[in-house]
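# Topology and contacts: notes
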Amino acid sequence: MDTSTVCKPLQGLNNRQVIQIACGDHHSLALTKEGQVFVWGKNSHGQLGLREDHPDSSSAEHVQSLSGIPLAQISAGGDHSFVLSLSGVVFGWGKNSAGQLGLGDTTDRHVPTVVNSLNRKKTVSISCGGEHTATLSKGGTVFTFGSGGSGQLGHNSFRDEHHPRVVAELWGSEVSQVTCGRHHTLILIASSKLIYSFGCGTQGQLGNGELIKQCLPFPVDLPTEYDHDFLVEKLIAGENHSSALLFKEPGNKSKTNPSRGILTLDDRMINRWLSGSEPWKVVKKDINQVFSSSASLNGSFLKTSCDEHYQMSEDHCGLDFDLVEASFAKLSENESLISEIVKVVQQNLLPSLNPNPTGVESLRVYLLLPELIRRLQKPQRTELSEDLASKILQLDPDSRAVLEKYWSKLPDDLLKGLVKLFQKASAYLFGRIASTNMKWDIITRLPIFVHFLQMLYQVCCRSNRNITKSDFIINEINDLLDVLQTINDDINNNWIMLNLTEQIQAVVNQQAYYNAILNNLISLPCIFNLEAKCGYMKNRAWKGSFQLVLRRTALLEDSFSQLRTAPGNFLQDFFLAVFYTEDMKKTDVNKRDFFHNVFQELCAPESRMFMYNESKTLSWFPAQLSVEKERYFLFGILCGLAFNNNSVVHLPFPLALFKKLLNVKTSLEDLIEFDPVLGKSLQYILDYSDDVEELDIYYTIVWGGIQVELDPAKPGKMVTNSNREDYVDQYLDYILNKSVEKVFEEFKRGFFKACSRCIVEMFEPEELRGVLVGNEEYDWDILKQNTTYERPFYAEHPTIVSFWEVFDELTANEKKAFLLFLTGFEKVPILGMSAVKMKVRPLFIFTQDHLPQALTCHAILDLPVYESKETLKAKVIEAINHKRGFWEE
């Protein structure tokens, strides 16, 4: 590097207002009014904080990793550097040969690193010596660390210290200032007008009249004439000398230079802007300085009452949200101010945000900006919300995890406001989809909002906040699905009429556009209500059909044989078509008939695949296998196919099955559902209140005919008051997890071979069970209300009137049998009976012996016109009880 012998401006700091300078042996630091740190000089030990391989620099370079940290002070040692934030967080980097960085080791650091052991110590000042460092906390506590070879640490020893250590001799002394020379340290106790020194004094720099090394603080001998009428204002420690600046009169004591602190936004500044007393040019300059700097914003609105801002951590952001709300509410009253602020934030602040911040203080800006944005008008609000969400999604995983913690601790009104802000922005974009021509940029823009909402949703779920799932739902998705349904219907019903290439291409493009939007969002299910989730499954685009050709007399054998070798992409991306060898003339027949029969056979006790609860109403995987393990894999494929093809099946399992598929932790309630007696006995153990240490129960259980030690390392272990929760947890874990682990993993592997994991994970466990199993809310009035008729039938047609009279006379079981006959489902779809849209049409070619027929795929009932109500009733009952021959178009 060149040596300069004349004073000249430093390249890199032009037009920047520098408020602090610190110089080391071979490097220098500068802090600007906007909170940026610049460095120059040698980088032999990483003292510039830029990176390990960064060369020496003769011009000032910005330390990017400190962007956003609101700094109070900088300090430079021999070959190491320190900065201190407004919340008392200490960062160090550079040479660490003696532990002068306070990080517990002697490894150099090439980038700013938080000194965690000083967190929450309310540090207000730092000072660096040649190879040691001292910090001062509010209240007067002094910490020193690094080289102690000359006694400069004041610990009554000459040892190095790698961690910050309190100078015990000064405990309780209310120290007001600390400064380090190369090998010595000076301390000021202003209240008693005393200066203490320790360290190397061989050049007389300790001021005690002796030329020695001193490892304990001793008073400096000030001349007697300065004892009473003078106050010590400042201590300065050089390489081998020391100075003290004293003032005779208290009234002459210099005031702290306000320009030494970084610029922050406060009530006084806001009032000045609103008063109109300053030219607009000056106000614009202020706005540009404050709102271009994340450090300035992050240093604003600190909760200084009771020193709460010093509690800054990954769990505590240190902001005064009452002050935040009041300040932004004031600013939003002035349209010119808020417009200028938005422009500066969008053009300067957001592009400058660091996706890999060094300290958690730099994350405050992500809590502040939503409070500004939610007060804007819709177009500005949406655009700025998108930019902010995009920046948050770019944060490194650790920083995002901390930000999520901050969200979880926000006041309820602020967290709800945050959710509402991004929910409304998302809904606004969905609304634009329906109201404008195809805009492909929305395909990339929407996931930004929705991904952000999904983050918030997960935070609310984990922290049990008073925010419901409905707060995240975007109902406009249902409108989009309705449009897609119409397009699909038009393609299916009018494809021959779309005989012009341009017409075909336009419809296909529109279909692809809506599918692309939805496909980008299915992994972010928080915005979908149940109707939208089911609508997506119903309208998803298939690549073709996957065919099973089966013998009615060997359903399981044939289906297992063909599914065993089926490619996973065929099972997931192609809809299922079932053919029976006995009836190959019919096209795509009997899919629901197939699922109905195959699941009845699989879940029957004769299959020997499952164990059953005492009432024989629910099944579970066995602890001991009676069949080949592969059958559970194939059973999983069938379940996945049923899900993929929107088929309700007979799957009598407790909610635990669906939780495990979704990686949701099972609970005692799940065991109670399957085995109420056992589950409630375990609940009784948890609730047991007698003051008895041992409960006369062993950690030994019997399940599935197997005796199991829940704690194999301690056979015969007793259950006690202190370990009963563990006992219940172990019991549950064995029944619902460990005893079925291998079998369930085979089932799960098969299930997700046949259906897309991201589609399955759209659903909550209760919803997934409902999709596969249906519900038992048989509202027959809704079925009748939603039924439509094909001419010549109509609601008052004599045959139709007779049909509903007959239907009302059926028993409950006969009505359920009719639903099975009509739809192929024994239970009601998850969306309720309103999802069953029965259509009744006349069967024109028939005799009085013909039975009613059902097209289960479309819930169409082909009904002959019988001569009497009695005949109609007899034929309906015969059809539903004995002649189920389902068929599909």
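Let me begin by describing the structure that accompanies this report. (Residues numbered from 1 in each chain as written. Predicted model: local features only at pLDDT ≥ 70, side-chain atom pairs only at ≥ 80, totals over all residues. Heavy atoms only, no water.)

## Examining the overall build of the chain
- A count of helices and strands for the chain gives 28 helices and 30 strands.
- The C-alpha atoms of the chain give a radius of gyration of 38 Å, which is well past the 29 Å a tight globule of 889 residues would have.
- Dimensions of the chain along its principal axes, counting C-alpha atoms only, are 130 × 75 × 50 Å.
- Residues counted as buried form 53% of the 889 residues belonging to the chain.
- Put simply, the chain shows about 40,500 Å² of open surface, and 48% of that area lies on carbon and sulfur atoms.
- The chain carries 89 positive and 109 negative side-chain charges, and their two centres are separated by 3 Å. (Helix = DSSP H or I, 4+ residues; strand = E, 2+ residues; numbered from the N terminus. Rg over C-alpha atoms; globule rule 2.2 N^0.38 Å. Buried < 20%, exposed > 50% of the residue type's maximum accessible area, 1.4 Å probe, protein only. Areas by Shrake-Rupley, 256 points an atom, 1.4 Å probe, with all protein chains shown as cover. Lys, Arg positive; Asp, Glu negative; His and termini not counted. Charge placed at Lys NZ, Arg CZ, Asp CG, Glu CD.)

## Things to note about the nonpolar core
- By size, the foremost hydrophobic cluster in this structure holds 197 residues, and its most contacted members are Phe 291, Trp 407, Phe 594, Phe 621, Phe 635, Phe 643 and Leu 651.
- With 13 residues, the top contributor of residues to this core is helix α10 (residues 441-463).
- When sequence neighbours within four positions are dropped, the list of residues in contact with Trp 407 reads Leu 367, Ile 392, Leu 415, Leu 418, Phe 452, Met 455, Leu 456, Val 459 and Arg 465.
- Grouped together as the second largest cluster of nonpolar side chains are 30 residues, Val 836, Val 840, Val 876 and Ala 879 included. (Core = buried A, V, L, I, M, F, W, Y, C linked by side-chain atoms within 4.5 Å. Contact = heavy atoms within 4.5 Å.)

## A word on the packing of aromatic side chains
- Summed over all chains, the structure comprises 39 aromatic pairs.
- The aromatic ring of Trp 542 is capped on one face by Arg 540, whose charged end is 4.5 Å from the ring centroid.
- Just above the ring of Tyr 699 sits the side chain of Lys 717; from NZ or CZ to the centre is 4.5 Å. (Phe/Tyr/Trp six-rings, centres within 6.5 Å; stacked < 30°, edge-to-face > 60°. Lys NZ or Arg CZ within 6 Å of the ring centre and 35° of its normal.)

## Considering empty space enclosed by the protein
- Taken as a whole and assessed by the stated rule, the structure comprises three cavities of 30 Å³ or more.
- Lining the largest cavity are Ser 67, Gly 68, Ser 294, Ser 352, Leu 353, Asn 354, Pro 357, Ser 362, Leu 363, Val 365, Tyr 366 and Leu 395.
- For the lining of the largest cavity, the class distribution of residues is six nonpolar, six polar and no charged. (1 Å grid on protein atoms, 1.4 Å probe; cavity = no way out; pocket = protein on both sides within 12 Å on 5 of 7 lines; lining within 4 Å. Points joined across faces, edges and corners; volume = space filled by probe spheres on them. Nonpolar A, V, L, I, M, F, W, Y, C, P; charged D, E, K, R; others polar.)

## Looking at the packing of helix α17 (residues 630-644) against helix α24 (residues 765-773)
- One can describe the packing of α17 onto α24 by two numbers: an axis separation of 9 Å at closest approach and a directional angle of 90°. The orientation of α17 with respect to α24, classified from their angle, is roughly perpendicular. Contacts from Cys 639, Ala 642 and Phe 643 in α17 reach Leu 768, Val 771 and Leu 772 in α24.
- Tallied by class, residues from the contact of α17 with α24 come to six nonpolar, no polar and no charged. (Axes fitted to C-alpha atoms, helices over the stretch in contact; angles between N-to-C directions. Parallel < 35°, antiparallel > 145°, perpendicular 65-115°, else oblique.)

## A look at a negative patch on the surface
- There is a patch of like negative charges on the surface, built from Glu 476, Asp 479, Asp 482 and Glu 531.
- Ranked by residue count, the leading element in the negative patch is helix α11 (residues 476-494), at three residues.
- Relative to the elements of secondary structure, Asp 479 occurs in helix α11. (Patch = residues over 30% accessible without salt bridge, like charges linked within 9 Å, V, L, I, M, F, W, Y side chains within 5 Å. Salt bridge = Lys/Arg side-chain N within 4 Å of Asp/Glu carboxyl O.)

## Quick notes on the environment of Thr 700
- Its location among the elements puts Thr 700 in strand β24 (residues 700-703).
- The exposure class of Thr 700 is partly exposed, given its relative accessible area of 25%.
- For the pair Thr 700 and Gly 716, spaced 16 residues apart in sequence, the C-alpha separation works out to 7.1 Å.
- With residues up to four places along the chain from it excluded, the contact list for Thr 700 reads Gln 707, Val 708 and Glu 709.
- A distance of 3.0 Å separates the side chain of Thr 700 from the side chain of Glu 709, its partner in a polar contact. (Polar contact = N/O pair within 3.5 Å; in protein donor to acceptor, adjacent residues only side chain to side chain.)

## Quick look at the environment of Asn 646
- Along the polypeptide, Asn 646 turns up in the loop between α17 and α18 (655-661).
- Judged by its relative accessible area of 31%, Asn 646 is partly exposed.
- Linking Asn 646 and Asn 515, residues 131 residues apart in sequence, is a C-alpha distance of 18 Å.
- Every residue in contact with Asn 646, bar those within four places of it in the chain, is listed here: Met 537, Lys 538 and Phe 825.

## Topic: the sheet that holds strand β7 (residues 90-94)
- Ordered by their spatial adjacency, four strands build an open sheet running β5-β6-β7-β8, and the pairing between neighbours is antiparallel. Each end of this open sheet is capped by a strand with a single partner; those strands are β5 (71-76) and β8 (109-114). When the angles between neighbouring strand axes are averaged without regard to direction, this sheet yields 15°.
- The pairing of β7 with β8 spans three bridges and is classified as antiparallel. Opposite Phe 91, over in β8, you have Val 114 as the bridge partner. (Pairing = 2+ DSSP bridges.)

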